[in-house]
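Summary of the model geometry
One letter stands for each residue in the lines below.
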Amino acid sequence: VFKSWRLNERMYGALTGLSKTETAERLGPKLVQEWRGSLKSRPPPLTPADKYYPGRDRSHADLTPDQIPLTESLLDCMDRTKKIWVDKISYELACGKNVMVVAHANTLRGLVKIIDDIGDEEIQSIAIPTGIPIIYKFDKNLDPIPPSHNQENVVQMHMNGCFLEKPGLLKQAIKREEEWCNSVPDYSKVMERTNYGLNPLQSSLSKLEAERKVQDWAQQFVDESEEEEDDGTDGKLTLVDMDKVWEEGMKDVEDGEYFDPDRASFEAEPDDEEGSAKENDEDEVVVNLYNDSPCITVDPLPAARKVPGIGDVPIQRSSSVIVMIRHGKTENNKLGLFTGWDDVPLAVEGVEEAKAAGKLLKLHGFEFDAVYTSWLSRAIETAWLVMDSMDCLWLPIIKSWRLNERMYGELTGLSKAMVKQRHGDEQFKAWRRGYAVRPPPCSSFSPIYPGNDQRYRKYLKDLRFSVSESLIRSIEQKDISIHRKLPKSESLKDCMDRTIPYFTETIMPESVEKGKRVLISSSENAIRGLLMHLCEIPEDKISGLEIPNGLPLIYDLNSKCIKLLDDGSGEDPLEKYNFGASAPYLFRPCTLPDGSLADECDINFMSDGNVLTEKESDIIANIRMPSKV
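Residues numbered from 1 in each chain as written. Predicted model: local features only at pLDDT ≥ 70, side-chain atom pairs only at ≥ 80, totals over all residues. Heavy atoms only, no water.

This brings us to helix α20 (residues 524-534). The buried fraction of α20 amounts to 10 of the 11 residues, a majority that puts the element mostly inside the structure. Every buried residue of α20 is accounted for by E524, N525, A526, I527, R528, G529, L530, L531, M532 and L534. A positive backbone phi angle near 55° is found at E536, which sits one or two residues after α20. (Buried < 20%, exposed > 50% of the residue type's maximum accessible area, 1.4 Å probe, protein only. Helix = DSSP H or I, 4+ residues; strand = E, 2+ residues; numbered from the N terminus.)

Pasting the structure below:
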C-alpha cells in the first residue's frame, strides 16, 4: 500500500467546508459553477491562518510550503498526479505487477488524461462514477489496450478503460438492500453475521462452545441443595464502611503513607493461609501504568484534537516510542486452535478490541509516524482499526513476513485440547512453548505450507533458495521451478531468528533511531520474541510469558521497561489480563541507566494550566509511589 498526497482530491480553497447550494445562492450559480467545472479557474485561496489550511494537518508535515496548495483549478489537480504516474505507478506496471489505485474523481481524471492522452477540453466531459472500478490493460510499451466492443464492456468516449458495471447499478443495489432491510423482519441481523469463512472443524467447535455456554448459563438456575440456603459468601462476608475507609486513608496520606481505597491497610487481615502467603510475598509484581503523566504536554496548535465529552486530548511529546500490540481475537483463538501462518480474520471481539486499543492510545495522546505489521490479515486488520480510531489512516504501513506468527507445521488448524490429549501434556507444552522445540513439519504439498501460497511464492525475496524444494517442484511440474527455503515448522527460537534481525536492522535504524514513534502490530510469538530481546527475559522463562490480545504494550526506550495504559477502570492489570508466570520480567521497575526512577517532570492540570500546590504534589507523589518505611 503506497499513500501519496498527490492523489488527494482537488483543493477548493476558500470554498472548503461551504454548502454548495448556499454558496450558489449568495454568489450566483454561474460563478460557483465556473469554479467547480472550469478547467483553469481557481476558487479564492485559503490563507495559512484558515482552519482548513492543509499545513495544519500532521499528514502534510513532510511537504514544503510550495507543495501545499492554497487553491487549485481542475488542471492543477490533474497535473500533480503526473509525478506519481511516472515515478510509481508506471514503474510497478513495467515490473509486471497489477496495480489498484483508490483516489478521488479529479485525481483519477488526471490519471485517465495521462493514460489516454486526452486533451484539455475533452477531459472535462469524462465522468468518474463513485464506487465503480475502471479496468485498464496495457501492452509491453504501457500503451492502453482498447477494450473489445461488445455488450459486456461498458466504456466511455475518449477512454480505453472499461467499467466493471454500468453506472447506476450500484446505487440501485444499495437501494434494494435498504428496501429489504426495512421490509424483511430481522434481515439486517442475519446479513450482519460475521462468522464467515469457518471450516468444518471451526464450525463444529464453535457449535460445541455455544452449547457449553448455554449449559453454563442454565446451571445457574439449578438448586443442587434445598436443605440449606447459601448466601454465596462461604462465611467470609466482610462489610466495609467506606466513610471510615476514606477518613482513615486520608490520615495515612497526610502522614506520608500510601493509601489505596480498594486495599485499605487498616482492614482486618485474612487469617487464611492464602492471605498470609500474599502478605509475606516479597516478589509482588506491580504493573507500570502509563497515565496522564510527565511525558505529555498540551499541543498549543489548533491541530490539538477534541473528544466529545472529554475536551482537549493531550499530545505526547515527540520523542521516539515503541508500542507493540498483539492482534485482536480470532475465531481460532476462541476455539483453541493452533493458527500459525494460517491467514484467519479477526472475530467480532477482535475487531472491538482493536478499536478500543486505538481509542485508548488516542485518549493518552499517542501519535505514530510509522506502522509495522506482518503479512497476516489479523495483524493488518488490527493495525488498520487502531489507526482508524486514532484518525491516522494516512500513515504508511510497512508489512514484513518476518513479523509473522510462528509456523506451527502439522499442528496448524488442530485443536490444542486434542493435541494435548493425543500426545500428552509434556509433549504438548514442548511443542507449544518450547524455546528450541519444533512441531512436526508439514509436507511440501500441504495446503498449509507457505510455499503453496502465492503471496510468499511471488513476493518474498529475502530468503535463500532451496535446492531440495526446487528439485521437488521441478520434478512435479516437469519444468525448472526455483523455490525459496520457507519454513515448514518453527520453534520460538526460529521465529526470533527472523523477527529480531528485522527489528534491529530495519525498524530501529529506519524509524526509532530517527525519532519516529512506532506501532508494531503482530502475533503472540513474534511479540514474545521481541520482548525477550528487549526485556532480557531468560530462555527458560520465556515459555511462561503470555501476551493478551488487543492490549497496547508501551516500551520505554529510556528506562527499558514495559508500561500499560491506564484505562480508568481501576482494575489490577494482572488480574484483568493473563501475562503468565513470567510477568515479573515484563514489569520490572522502570529505572534509568543511572539507577534512578524514570520520572521526568511534574504533573500539571491540562484543562486550565493550574499548577499543583506543594502539598497536593506531595499527596499525589505518595499515592503514585509510596514512601518506604
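Of note, D117 is a non-glycine position whose phi angle comes to about 50°, a positive value. Take D117: it is sitting in the loop between α5 (105-116) and α6 (120-123). For D117, a relative accessible area of 68% translates into the label exposed. Unlike most non-glycine residues, L142 shows phi in positive territory, near 65°. Take L142: it is sitting in the loop between β1 (134-135) and β2 (154-155).

So, about the side chain of S374. Of note, S374 is situated in the loop between β10 (370-373) and α14 (377-389). Here S374 falls in the buried class, since its relative accessible area comes to 0%. Engagement of the side chain of S374 in a polar contact is seen with the backbone nitrogen of L376, the distance being 3.1 Å. The contact partners of S374, leaving out residues within four places of it in the chain, are A379, I380, K399, S400, L403, N404 and S521. (Polar contact = N/O pair within 3.5 Å; in protein donor to acceptor, adjacent residues only side chain to side chain. Contact = heavy atoms within 4.5 Å.)

Our focus in this paragraph is the environment of K399. Examined against the element boundaries, K399 turns out to sit in strand β11 (residues 397-399). Judged by its relative accessible area of 29%, K399 falls in the partly exposed class. For the pair K399 and S374, spaced 25 residues apart in sequence, the C-alpha to C-alpha distance is 5.3 Å. The contact partners of K399, leaving out residues within four places of it in the chain, are V1, T373, S374, W375 and I380.

The subject of this paragraph is the packing of aromatic side chains. Where two aromatic rings form a pair, the distance of their centres and the angle of their planes describe that pair. Under the counting rule described, the total for this entry stands at 11 aromatic pairs. Each ring, one from Y136 and one from F138, has its centre 6.2 Å from the other, and the planes form 20°; the classification is stacked. In this structure Y136 comes out as buried when scored by relative accessible area, which is 16%. Considering the side-chain rings of F338 and Y408, the 5.0 Å spacing of their centres and the 55° angle between planes classify their relative orientation as tilted. Linking F338 in the loop between α12 (331-335) and α13 (348-363) with Y408 in the loop between β11 and α15 (416-423), this pair joins segments that are 70 residues apart in sequence. Accessibility assignment for this pair places F338 and Y408 in one class, buried. Cation over ring: R484 sits above F465, and NZ or CZ is 4.2 Å from the ring centre. (Phe/Tyr/Trp six-rings, centres within 6.5 Å; stacked < 30°, edge-to-face > 60°. Lys NZ or Arg CZ within 6 Å of the ring centre and 35° of its normal.)

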